[in-house]
Amino acid sequence: QLSDAKIDVIASIELRLQPCDAKIPFTLPWLDNMERRIAASIGRQETKKARDLQPYLSNLAVAKSYRGRKIGKALVRCVENIAATTWGHKKMYLHVDLDNTPALNLYQGEGYQDVGARWNPFWAGKAATIGYFVKHLS
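Residues numbered from 1 in each chain as written. Predicted model: local features only at pLDDT ≥ 70, side-chain atom pairs only at ≥ 80, totals over all residues. Heavy atoms only, no water.

*Asks:* Please explain the overall build of the protein chain as it appears in this structure.
*Replies:* Within the protein chain one finds 3 helices and 5 strands. Along the chain direction, N to C, the helices and strands of the protein chain fall in the order β-α-β-α-β-α-β-β. Counting all 138 residues of the protein chain, 33% fall into the buried class. At a minimum sequence separation of 6, the contacts of the protein chain that also span at least 24 residues come to 73%. Accessible area of the protein chain: about 8800 Å², with a carbon and sulfur share of 54%. (Helix = DSSP H or I, 4+ residues; strand = E, 2+ residues; numbered from the N terminus. Buried < 20%, exposed > 50% of the residue type's maximum accessible area, 1.4 Å probe, protein only. Contact = heavy atoms within 4.5 Å. Areas by Shrake-Rupley, 256 points an atom, 1.4 Å probe, with all protein chains shown as cover.)

Next comes the structure, spelled out in structure tokens:
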């Protein structure tokens, strides 16, 4: 009986369409839109790319006891396949903390490259130092 069963989540990942302007997304899209409007109103960050929706990988997590089994790599490849095959996109974007060596190694090992762009309005604080990466999907 399912109600009595213990279910352990061992990993999760999120895939969404996101403007490719280097902004770190909020969970609530209306907050993203509001921040982009504020930035644009003071002459910062508004570009054509802010309206160009692209696949965006986020919130990859693997339970500590399951790490080192290539689960993260499998999830990354799974969402890349969805973005390319099902959605027809040619690029995937993500943010990664450059101090998170295991995550950085995973993404770079899978072919992600630092775009170099950063979301950097004056209120961004440390968020401006988070790496913004892209991979060209085959």
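*Asks:* Just to check I follow, could you spell out helix α2 (residues 71-86) for this structure?
*Replies:* One turn of an α-helix holds 3.6 residues; hence residues three or four places apart share an orientation. If you check α2, its first and last C-alpha atoms are 22 Å apart, about what 16 residues at 1.5 Å a residue would give, namely 22 Å. Of all the positions in α2, only Ile71, Gly72, Val76, Val79, Glu80 and Ala83 are classed as buried. Against β1 (11-19), β2 (53-62), β3 (91-96), α3 (101-109) and β5 (131-136) lie the buried residues of α2. Following α2 by one or two positions, Gly88 adopts a phi angle in the positive range, close to 75°. (Expected span 1.5 Å × (residues − 1).)

*Asks:* I would appreciate a short explanation of a nonpolar patch on the surface in the present structure.
*Replies:* Nonpolar side chains collect at one region of the surface, where Leu17, Leu53, Ile82 and Trp87 lie side by side and expose about 330 Å² of accessible area between them. Examined against the element boundaries, Trp87 turns out to sit in the loop between α2 and β3. Taking relative accessible area as the criterion, Trp87 reaches 37% and is therefore assigned partly exposed. (Patch = residues over 30% accessible without salt bridge, like charges linked within 9 Å, V, L, I, M, F, W, Y side chains within 5 Å. Salt bridge = Lys/Arg side-chain N within 4 Å of Asp/Glu carboxyl O.)

*Asks:* Any chance you could explain the nonpolar core here in plain terms?
*Replies:* Nonpolar side chains tend to gather and get buried jointly when the protein is soluble and globular. Ranked by size, the top nonpolar core spans 13 residues in total, and within it Leu57, Met92, Leu94, Val96, Tyr107, Tyr112 and Phe133 carry the most contacts. Among the secondary structure elements, those contributing two or more residues to this core are α2, β3 and α3. Beyond its immediate sequence surroundings of up to four residues, Tyr112 is in contact with Leu57, Val76, Glu80, Met92, Leu94, Tyr107, Phe133, Val134 and Lys135. (Core = buried A, V, L, I, M, F, W, Y, C linked by side-chain atoms within 4.5 Å.)

*Asks:* So what exactly am I meant to see when it comes to the pattern of salt bridges here?
*Replies:* Taken as a whole and judged by the stated rule, the model has 4 salt bridges. Across the pair Lys73 and Glu110 runs a salt bridge whose closest N-O atoms are separated by 3.9 Å. Of this pair, Lys73 sits in helix α2 while Glu110 sits in the loop between α3 and β4 (113-114), placing them 37 residues apart in sequence. Arg77 is paired through a salt bridge with Glu110; the nearest N and O atoms lie 2.8 Å apart. You can see Arg77 sitting in helix α2 and its partner Glu110 sitting in the loop between α3 and β4, a full 33 residues away along the chain. Here Glu110 falls in the buried class, since its relative accessible area comes to 9%. It is possible to trace a salt-bridge network through shared partners that takes in Lys73, Arg77 and Glu110.

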